[in-house]
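Listed below, chain by chain, are the residues.
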Amino acid sequence: MKQTWRWFGPQDLTSIDDIIQSGAEGIVSALHHVPNGVVWSPEEITRRQHQITTRKDGSPSGLTWDVVESLPISEDIKKQTGDWRVHIANYRTSMEHLAAAGIDVICYNFMPVLDWTRTALRWRLPHGGTCMRFDIHDFAAFDIHILARPGASEDYTPAIAEEAAIRFALLDDAGKSTLARSVTMGLPGSTDSMSLDDMRTHLDQYGAISADKLRRHFIDFLEQVVPQAEDLGLRLCCHPDDPPFPLLGLPRIMSTGADFRAVLDAVDSPANGMTLCSGSLGARPDNDLPGIMAELGHRVHFLHLRNVKRESTAIKGSFHEAEHLEGDTDMVALIGVILAEERRRKVAGRADWQIPMRPDHGQDILDDLNRTTAQPGYPTIGRMKGLAELRGISRALDHANVRYHA
């Protein structure tokens, strides 16, 4: 695996110089300041590349921009409303500009309205650090009582709805504001929240869009961009839903291995691939991460390795971000399957035999706790600890394989 690091640009509290010290070999980044649906210009792409390849003192960093995360798909494309055809044309132009710049892996997602959802951004852990958490009862309190979505209570069991009412009654105004801000945080790279009115407007616009219809819109999009991506030598890779189950009455269509299999089969091209995120998929107890990698690994173009601890056996349940080796996903088994896939690719002569991986999310520990303005889920020290652990597992398994076959 090629060890990469997500960097949000010059405003990121983790600098390029810091990333070099982590041992990462490449950078995952995006032009977060460019609005969704707008073309990424060659000038902006080149500017970000220069920022990545240069240290603070002006000397070369030795790092390159290896993966785009994300080239966003606009809400208009997902709903097939408004300027969606223009946005697809702009997406294709952005792909051309990225290919010309030598960047060939593009991660994206097809989640409606919210890119990821948590109810707590800095939940206190027993060791004194913090992590992100999704609590189904707190989320129901937001959905039913703060957002006041019509019919929301019907989406929860009576026990969850009852507990949500109790928790809402105990919240003061500051607590309600904190919960709403946590749930409505903007896309990664942004520190803005979506207003409740904005969210209600989005939900109204999705009212008639079923899961089947959203999947059809997704396949329509892929049919228009994947052939060009293949011609350009690009690898597109969809990120799973996070969390991997329906929220706010919205459909979720990329939550299981079967979901990915259906979309990859519908547009069968090596350019149409998967971002395997072990944390997102791992939040569901019915997702077998090593099994998904074994089945679909030939179409996996990017890896997010993180772990979550599920707090119940329910499909739609609470969970929190665990240490990379300590959650419910067997990370050693998963990495073993990943390395086996890389060996198969290398023997087959695939140029993309080495899959880019980044340590995803991380717990806030040590000096991370003093960086309160850092991007939630992306602490410097917590991710560096995770990367070191993942690197250790990878090297140990590689060494064991060499000895076994010697």
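That block above? That's the structure.
Small disclaimer: the values here were computed from a predicted structure and weren't measured. (Residues numbered from 1 in each chain as written. Predicted model: local features only at pLDDT ≥ 70, side-chain atom pairs only at ≥ 80, totals over all residues. Heavy atoms only, no water.)

**Concerning the sheet that holds strand E10 (residues 307-310)**
Backbone hydrogen bonds are what pair the strands of a sheet, in a parallel or an antiparallel way. Where we set the bar: Two strands form a pair only when DSSP identifies at least two bridges running between them. By definition, any uninterrupted DSSP run of H or I lasting at least four residues is a helix, any uninterrupted run of E lasting at least two residues is a strand, and each is numbered from the N terminus. Note on geometry: axes are C-alpha line fits, over the in-contact stretch for helices, and angles between N-to-C directions span 0 to 180 degrees.
Reading across from one edge, E5-E6-E11-E10 is the order of the 4 strands in this open sheet, with antiparallel pairing throughout. Single-partner strands in this sheet number two, and they are strand E5 (120-124) and E10. If you compare each strand with its neighbour and ignore which way they point, the axes differ by 40° on average.

**Section: the side chain of Glu75**
Stated formally: Polar contact is defined as a pair of N or O atoms within 3.5 Å, subject to the rule that within protein one atom must be able to donate a hydrogen and the other to accept it, and that residues adjacent in sequence are counted only when both atoms are side-chain atoms. Only heavy atoms enter the contact rule, under which two residues are in contact if any of them lie within 4.5 Å.
As for its placement among the helices and strands, Glu75 is situated in helix H3 (residues 75-79). At a separation of 3.2 Å, a polar atom in the side chain of Glu75 contacts the main-chain amide nitrogen of Val113. Those residues in contact with Glu75, other than ones at most four positions away along the chain, are Met111, Pro112, Val113, His202 and Tyr206.

**Some thoughts on the layout of surface pockets**
Note the threshold: Within this scheme a cavity is a closed region of a 1 Å grid, computed over the protein atoms alone, that accommodates a 1.4 Å probe without allowing it to escape, whereas a pocket is open but has protein on both sides within 12 Å along at least five of seven lines; lining residues each have an atom within 4 Å of a point. Grid points are joined across faces, edges and corners, and a volume is the space filled by probe spheres set on the points. Amino acids are sorted into nonpolar (Ala, Val, Leu, Ile, Met, Phe, Trp, Tyr, Cys and Pro), charged (Asp, Glu, Lys and Arg) and polar (every other residue, Gly among them).
As a volume, the second largest pocket reaches approximately 280 Å³. Lining the second largest pocket are 15 residues, with Met1, Leu339, Glu342, Trp353 and Asp398 positioned closest to its centre. For the lining of the second largest pocket, the secondary structure elements donating two or more residues are helix H13 (331-348) and helix H14 (380-405). With 6 residues, the top contributor of residues to the lining of the second largest pocket is H14. Residue classes in the lining of the second largest pocket are distributed as 4 nonpolar, 4 polar and 7 charged.

**Quick word on the environment of Leu369**
Our working rule: Exposed residues in this analysis have more than 50% of their type's maximum accessible area, buried residues have under 20%, and partly exposed residues fall in between, with area computed by a 1.4 Å probe over protein chains only.
Relative to the assigned elements, Leu369 resides in the loop between strand E12 (356-359) and H14. Leu369 sits in the partly exposed class, given a relative accessible area of 34%. Through-space distance from the C-alpha of Leu369 to that of Leu98 is 36 Å; in sequence the pair is 271 residues apart. Once residues within four sequence positions are removed from consideration, Leu369 is found in contact with Arg124, Gly128, Gly129, Thr130 and Asp364.

**Notes on empty space enclosed by the protein**
The tally for this structure, following the rule as stated, stands at 2 cavities of 30 Å³ or more. In this structure, the largest cavity encloses a volume near 80 Å³. Lining the largest cavity are 13 residues; nearest its centre among them are Gly37, Val38, Leu71, Pro72 and Tyr91. Top contributing element to the lining of the largest cavity by residue count: helix H4 (residues 84-100), with 4 residues. Considered class by class, the residues forming the lining of the largest cavity number 8 nonpolar, 5 polar and no charged. Looking at the second largest cavity, its volume works out to about 40 Å³. For the second largest cavity, the full set of lining residues is Phe8, Asp12, Leu13, Thr14, Arg371, Ala374, Gln375, Tyr378, Pro379, Thr380 and Arg383. Looking at the lining of the second largest cavity residue by residue, the classes come out as 5 nonpolar, 3 polar and 3 charged.

**As for the packing of aromatic side chains**
What describes a pair of aromatic rings is the distance from one ring centre to the other and the angle between the planes of the rings. Using the following cut-off: Note on ring pairs: Phe, Tyr and Trp rings are taken, using the six-membered ring of Trp, and paired if centres are within 6.5 Å. Classes follow the plane angle, with under 30 degrees stacked, over 60 edge-to-face and the rest tilted. Counted as over-ring charges are cases with an Arg CZ or a Lys NZ within 6 Å of the ring centre that also lie within 35 degrees of the ring normal.
As enumerated under the stated definition, the model contains 10 aromatic pairs in all. One aromatic cluster in this structure is built from Tyr91, Tyr108, Phe110, Phe218 and Phe221. Here Lys346 stacks its cationic end above the ring of Trp353, 4.5 Å away from the centre of that ring.

**Remarks on the environment of Ile16**
Locating Ile16 in the fold gives a position in helix H1 (residues 16-22). In sequence terms Ile16 and Arg92 are 76 residues apart; their C-alpha atoms lie 29 Å from each other. With sequence-adjacent residues up to four places away left out, Ile16 is seen in contact with Trp7, Ile27, Gln51, Ile52, Thr54, Ser61 and Leu63.

**Concerning the nonpolar core**
Here is a general trend for soluble globular proteins: nonpolar side chains tend to be buried in one another's company. As a reminder, the rule being used: Buried residues of nine kinds, namely Ala, Val, Leu, Ile, Met, Phe, Trp, Tyr and Cys, make up a nonpolar core once their side-chain atoms join them within 4.5 Å.
By size, the foremost hydrophobic cluster in this structure holds 98 residues, and its most contacted members are Trp40, Phe218, Leu248, Leu303 and Leu305. Among the elements that take part in this core, helix H9 (residues 211-232) stands out by supplying 8 residues, more than any other. Setting aside chain neighbours within four positions, we find Leu303 in contact with Met1, Leu276, Met293, Ile338, Ile355, Pro356, Met357 and Arg358. Judged by nonpolar contacts, the second largest core, of 6 residues, contains Val28, Val105, Cys237 and Phe302.

**Notes on the packing of helix H5 (residues 136-146) against helix H7 (residues 173-183)**
Test applied: Orientation is classified from the angle alone, with under 35 degrees giving roughly parallel, over 145 giving roughly antiparallel, 65 to 115 giving roughly perpendicular, and any other angle giving oblique.
At their nearest, the axes of H5 and H7 sit 10 Å apart, and the two run at 105° to each other. When the axis of H5 is compared with that of H7, the two are roughly perpendicular. Between H5 and H7, the contacting residues are Asp138, Phe139, Phe142 and Ile146 on the first element and Lys176, Leu179, Ala180 and Val183 on the second. Looking at the contact of H5 with H7, its residues break down into 6 nonpolar, no polar and 2 charged.

**With respect to helix H12 (residues 289-296)**
Counting along an α-helix, one turn takes 3.6 residues, and residues three or four places apart therefore face a common direction. To be explicit about the condition: Summarising the geometry, the arc corresponds to the directions from the helix axis toward the C-beta atoms.
Within H12 the residues assigned to the buried category are Leu289, Pro290, Ile292, Met293 and Leu296. Along the axis of H12, the buried positions cluster into a sector of 160°, meaning they face one direction only.

**A few points about the environment of Ile144**
Here Ile144 is to be found in helix H5. On a C-alpha basis, the gap between Ile144 and Lys316 in space is 16 Å, while along the polypeptide they are 172 residues apart. Residues within four places of Ile144 in sequence aside, it is in contact with Ala152, Ser153, Tyr156 and Ala161.

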